[in-house]
Amino acid sequence: MCTGVRFTSAEGGMFFGRNLDWSCGYGERVRIMPKGFPASYRFLDDAPAAHAAIGMCVDYNNYPMFFDCGNDAGLAVAGLNFPGYAAYADAPEQGRTNVCAYEFPLWVAASFSSVDEVQTALANVTIVGASAGEGLGVSYLHWIIGDAARSIVVESRADGIHVLDDPVDVLTNQPSLEWHLENLRGYITATNDFPATATWRAADLAPFGAGAGMRGIPGDCYSPSRFVKAAYLNANYPEKSGEHDNVIRMLRTLEGVAMVEGAARMGNGDFEKTLYTSCFSAKTGTYYYTTYDDPAIRHVSLTDAAGAPADKLVCPEPGRDW
Ligand SMILES: C[C@H](CCC(=O)NCCS(=O)(=O)O)[C@H]1CC[C@H]2[C@@H]3[C@H](O)C[C@@H]4C[C@H](O)CC[C@]4(C)[C@H]3C[C@H](O)[C@]12C
């Protein structure tokens, strides 16, 4: 399972993060793709990246297969599993912008400055289900894309591409975003208020402490449950100022929907857990992350690649003080 979250600070800076939940890693690393990087595409003309980007990826022979990333214009994107619902074209379609599923985050981050720009381009996009390389297969994903103004979700389904506004700025896994948003209507009585003592006949029922109003918000790891809990937390977290408190907001919110080893097996019998949690700060171009085995916060910034040649992915030593 995975969860993505977006919000803005009191100053208007976007923070965009995700949990990557799976049983095993793919050798993922944080990489910076410099501006001007020769981005190559299977069915599109190769183009130098208009924007530098930073994020978690498989560095596949100097090609970043991003899981999630943010760029120097403050636009960010993350891919989350969507099997059973995602459907891609078998082959490129004439007259369309044909983007392979594995290329999608790179294409978004390298090419665009805002959600509006991506949304316009998506009107002519076909997602093609070509494999990235031998043995890599095709991942069936949907994507959340955010900037300082808003977020959208992109779902390529059997009936075509759906570009949906995401008014709660959260994404998990199956089913569709429309379903998750409709499902929230079952939880509208949840509140962070401290409830008054109730009187039932002669009994005065005082709350045990804080949290009574949140009862009913699910705490399990199932995709619909994580959507509800993440949406509740994202909607109720008080607005914060400055980098520190907003990074903490993101990491604590994602911790609220993190998967702990042993809680849930995948179909193959392996336990799923939150392999890493990330937070991209758009204003500073910094990518913060923690891993399951090392909860200390590490960070790498787009500025760490200043002056680096454009044709190589940059892998700076992560900082630990902040
Ligand atoms: C497994 C990851 C999604 C995690 C997630 O959503 N889990 C949900 C679990 S569940 O279904 O709901 O049980 C996805 C997100 C990004 C994916 C990777 C990226 O798409 C980049 C490449 C793409 C290649 O086609 C396959 C390898 C790969 C390296 C992908 C492996 C894997 O599918 C990743 C890592």
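A quick note: this is a predicted structure, and the numbers were derived from the prediction, not measured. (Residues numbered from 1 in each chain as written. Predicted model: local features only at pLDDT ≥ 70, side-chain atom pairs only at ≥ 80, totals over all residues.)

K.L.:
Just checking my understanding: could you explain the overall build of the protein for this structure?
P.N.:
In terms of regular secondary structure, the protein is built from five helices and 19 strands. For the protein, the C-alpha atoms occupy an extent of roughly 75 × 45 × 40 Å along the three principal directions. Evaluated residue by residue, the protein yields a buried proportion of 41% over its 322 residues. Sequence-distant contacts in the protein: of pairs separated by 6 or more residues, those separated by 24 or more amount to 64%. (Helix = DSSP H or I, 4+ residues; strand = E, 2+ residues; numbered from the N terminus. Buried ≥ 20, exposed ≤ 12 C-beta atoms within 10 Å, placed from the backbone. Contact = placed C-beta atoms within 7 Å.)

K.L.:
Quick question: what am I supposed to make of the site of the ligand here?
P.N.:
The environment of the ligand is formed by 22 residues, the closest being C2, M65, N81, Y102 and S139. Only β2 (14-22), β7 (64-71) and β8 (76-81) provide two or more residues apiece to the shell around the ligand. Among the residues forming the shell around the ligand, the class breakdown is 15 nonpolar, six polar and one charged. (Near = placed C-beta within 6 Å. Nonpolar A, V, L, I, M, F, W, Y, C, P; charged D, E, K, R; others polar.)

K.L.:
In this structure, what is going on with the sheet that holds β8? I would like to understand it.
P.N.:
Sheet strands associate in pairs through backbone hydrogen bonding, adopting either a parallel or an antiparallel arrangement. Across the sheet, which stays open at both edges, the seven strands sit in the order β3-β6-β7-β8-β11-β12-β13 with antiparallel pairing between neighbours. The open sheet has two edge strands, β3 (29-33) and β13 (160-165), and neither has a second partner. The average undirected angle you get between the axes of adjacent strands in this sheet is 30°. Contacting β6 (53-59), β7, β8 and β11 (141-146), helix α1 (residues 104-111) crosses the sheet at an angle of about 35° to β7. (Pairing = 2+ DSSP bridges. Axes fitted to C-alpha atoms, helices over the stretch in contact; angles between N-to-C directions.)

K.L.:
Would you take a moment to explain the sheet that holds strand β18 (residues 286-291) for this structure?
P.N.:
Pairing is antiparallel in the open sheet, where six strands are placed in the order β14-β1-β2-β17-β18-β19. Each having just a single partner strand, β14 (170-171) and β19 (298-301) make up the two edges of the open sheet. Strand direction decides the pairing type here: strand β1 (residues 2-8) and β14, joined by two bridges, are antiparallel. Note that in β14 the partner of G4 across the bridge is L171. Running at roughly 155° to strand β17 (residues 273-281), helix α5 (residues 242-255) makes contact with β1, β2, β17 and β18 of the sheet.

K.L.:
Looking at this model, I keep getting lost on the pairing of β2. Mind explaining?
P.N.:
Remember that side chains alternate between the two faces of the sheet whenever the strand is regular. With eight of nine residues buried, β2 lies mostly within the body of the structure. Both β1 and β2 contribute to a ladder of seven bridges, which runs antiparallel. Following the sheet pairing, T8 is matched in β2 by M14. What sits between β1 and β2 in their antiparallel hairpin is a turn of five residues, with G12 showing a positive phi close to 90°. Inspection of the sheet shows β2 paired to β17 by eight bridges, in the antiparallel sense. Residue pairing across strands places G17 opposite C279, the latter belonging to β17.

K.L.:
Looking at this structure, how should I read the UniProt feature "domain: Choloylglycine hydrolase/NAAA C-terminal" (unreviewed entry) in the protein?
P.N.:
Following the UniProt record, the feature "domain: Choloylglycine hydrolase/NAAA C-terminal" (unreviewed entry) maps to residues 2-304 here. Between the end C-alpha atoms of residues 2-304 the distance is 28 Å, and the span holds 17% helix and 33% strand. (UniProt positions renumbered as here; feature names shortened; annotations may be inferred.)

K.L.:
Mind showing me how you'd approach the pairing of β19 here?
P.N.:
Bridging between β18 and β19 involves four bridges; their strand directions are antiparallel. The residue of β19 that forms the bridge with T286 is S301. Hairpin connection of β18 to β19: six residues between the antiparallel strands.

K.L.:
Sorry, what's going on with the environment of A53 here?
P.N.:
Tracing the backbone through its elements, the reader meets A53 in strand β6. As a C-alpha pair, A53 and F280 span 227 residues in sequence and 11 Å in three-dimensional space. Beyond its immediate chain neighbours, meaning those up to four positions away, A53 contacts M33, C69, G70, N71, A109 and A110.

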